[in-house]
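Observations on the model geometry
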Amino acid sequence: MRLSAGVIFAAHGAQKLFGSFGGGGLEGTAQWMASIGLEPGYLMALAAGSAEFFGGIALLLGLLTRPAAFVLAMTMLVAVITVHLPNGLFLSNNGYEFGLALLAITGALVLNGGGKLSLDRMLSARLGNGRADSF
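In what follows, the accompanying structure is described. (Residues numbered from 1 in each chain as written. Predicted model: local features only at pLDDT ≥ 70, side-chain atom pairs only at ≥ 80, totals over all residues. Heavy atoms only, no water.)

Along the chain, threonine 75 turns up in helix H4 (residues 65-84). Beyond its immediate chain neighbours, meaning those up to four positions away, threonine 75 contacts Ala51 and Glu52. (Helix = DSSP H or I, 4+ residues; strand = E, 2+ residues; numbered from the N terminus. Contact = heavy atoms within 4.5 Å.)

Okay, structure coming up:
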């Protein structure tokens, strides 16, 4: 779950920040965000793109999984409410089903942590704090 969400978020963040994978880059994303009322557009694009890109990388590594997942969950909540909710459930209508699925995944990661194969667990064991996935 952590790995698939990490790939999705990192790729979407790269679209927003760098224009990768056919994305609008920071300028294009900023203009779009401003056009839907998320002002200031540049700051919102930078915040959303950074949360997705760096949060996605954190999920892939299993490093600071809970805080990264929390920030990503909040990003998805904003996306669902401001962009997708008026379009209904289905993705074919630009609805909120994909955002809702990512919100559920990140919520589960906030509650459960990065799992056995995460850097969080490895660091926790090395630091000897007795609590796996405490980050």
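After presenting the structure, the write-up continues.
With respect to the helices and strands, the residue histidine 84 is situated in helix H4. The class of histidine 84 is buried, set by a relative accessible area of 19%. Within the structure, the side chain of histidine 84 is placed 3.5 Å from the backbone oxygen of glycine 95, a separation counted as a polar contact. Discounting chain neighbours no more than four positions away, the residues touching histidine 84 are Ala79, Asn94, Gly95 and Tyr96. (Buried < 20%, exposed > 50% of the residue type's maximum accessible area, 1.4 Å probe, protein only. Polar contact = N/O pair within 3.5 Å; in protein donor to acceptor, adjacent residues only side chain to side chain.)

Orientation of helix H1 (residues 2-18) relative to helix H3 (residues 41-61), taken along the N-to-C sense of each, is 150°, at an axis distance of 7 Å. On the basis of their axis angle, the class for H1 and H3 is roughly antiparallel. For the pair H1 and H3, the sense of crossing is left-handed. The residue inventory of the contact of H1 with H3, partitioned by class, reads 16 nonpolar, six polar and three charged. (Axes fitted to C-alpha atoms, helices over the stretch in contact; angles between N-to-C directions. Parallel < 35°, antiparallel > 145°, perpendicular 65-115°, else oblique. Left-handed = near helix turned anticlockwise from the far one by under 90°. Nonpolar A, V, L, I, M, F, W, Y, C, P; charged D, E, K, R; others polar.)

Turning our eyes to something else, we now look at the layout of surface pockets. The space that makes up the largest pocket amounts to roughly 690 Å³. Forming the walls of the largest pocket are 29 residues, and the residues nearest its centre are Lys16, Trp32, Met33, Glu52 and Ala79. At seven residues, H4 tops the list of elements feeding residues into the lining of the largest pocket. Along the lines of polarity and charge, the residues of the lining of the largest pocket split into 15 nonpolar, 12 polar and two charged. (1 Å grid on protein atoms, 1.4 Å probe; cavity = no way out; pocket = protein on both sides within 12 Å on 5 of 7 lines; lining within 4 Å. Points joined across faces, edges and corners; volume = space filled by probe spheres on them.)

Looking now at the pattern of salt bridges. Under the criterion given, the structure shown has one salt bridge. Notably, a salt bridge pairs lysine 16 with glutamate 52, separated by 2.9 Å at the nearest N-O pair. Taken together, the residues span a long stretch of sequence, with lysine 16 in helix H1 and glutamate 52 in helix H3 at a distance of 36 residues. (Salt bridge = Lys/Arg side-chain N within 4 Å of Asp/Glu carboxyl O.)

A separate point is the packing of aromatic side chains. Across all of its chains, the model carries two aromatic pairs by this definition. With 5.2 Å between their ring centres and 85° between their planes, phenylalanine 18 and phenylalanine 53 make a pair best called edge-to-face. Highlighted residues: phenylalanine 18 in helix H1 and phenylalanine 53 in helix H3, separated in sequence by 35 residues. Residue phenylalanine 18 is classed as exposed on the basis of its relative accessible area, which comes to 52%. (Phe/Tyr/Trp six-rings, centres within 6.5 Å; stacked < 30°, edge-to-face > 60°.)

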